[in-house]
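Fold and geometry: a report
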Amino acid sequence: LREDHTTHRFEGHDGRIHDLAWSPDGQRVISVGERGMLKVWNLESGHACNHVLAHDGPAYSLSLGPSGRYAATGGDDGIVRRWDLWRGVKVDQFE
């Protein structure tokens, strides 16, 4: 293994990141964290290209669909929400 080489520092979550997923095309990373934010990161630039407040409290889990367009998040509020990451909107939720 080669020595670690940091190319970007991803900043923008307040608090801890609890889960993350790589997009199928390898161009983005999606993360959820302590303050309930879901963020979509562009790996080339290192910047968040989209974000939504996914939960009122901590978001602990994240699952990405096979197309990379939809994600599901689970939070401390006991709600599972499904997101359209391309449009940055909630599709539905399950309580």
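Further up the page is the structure itself.
Okay, so let's go over this structure. Treat the numbers as computed from the prediction; the structure is a model and nothing was measured.

What follows concerns the sheet that holds strand β6 (residues 70-75). Strands sit in the order β5-β6-β7-β8 across an open sheet of four strands; the sheet is antiparallel. For this open sheet the edge positions go to β5 (59-64) and β8 (89-94), each flanked by a neighbour on one side alone. Neighbour-to-neighbour, the strand axes of this sheet turn through a mean angle of 25 degrees, independent of strand direction. By the bridge criterion, five bridges tie β6 to strand β7 (residues 80-84) in an arrangement that is antiparallel. The residue of β7 that forms the bridge with Gly74 is Val80.

Turning our eyes to something else, we now look at the pattern of salt bridges. Evaluation of the coordinates by the stated rule reveals four salt bridges. Measuring nitrogen to oxygen at the nearest pair gives 2.8 Å for the salt bridge that ties Arg69 to Asp84. Placement of Arg69 in the loop between β5 and β6 and of Asp84 in strand β7 is noted, with a sequence separation of 15 residues between them. A residue is classified by how much of its surface remains accessible, and Arg69, at 23% relative accessible area, is partly exposed. A relative accessible area of 1% means that Asp84 is categorised as buried. The partner of Arg81 in a salt bridge is Asp77, and the shortest N-O contact between them spans 3.4 Å. Owing to a relative accessible area of 11%, Arg81 belongs among the buried residues under this scheme. In this structure, a network of salt bridges that share partners links the residues Arg69, Asp84 and Arg87.

So, how was this worked out
- Residues numbered from 1 in each chain as written.
- Predicted model: local features only at pLDDT ≥ 70, side-chain atom pairs only at ≥ 80, totals over all residues.
- Heavy atoms only, no water.
- Pairing = 2+ DSSP bridges.
- Helix = DSSP H or I, 4+ residues; strand = E, 2+ residues; numbered from the N terminus.
- Axes fitted to C-alpha atoms, helices over the stretch in contact; angles between N-to-C directions.
- Salt bridge = Lys/Arg side-chain N within 4 Å of Asp/Glu carboxyl O.
- Buried < 20%, exposed > 50% of the residue type's maximum accessible area, 1.4 Å probe, protein only.

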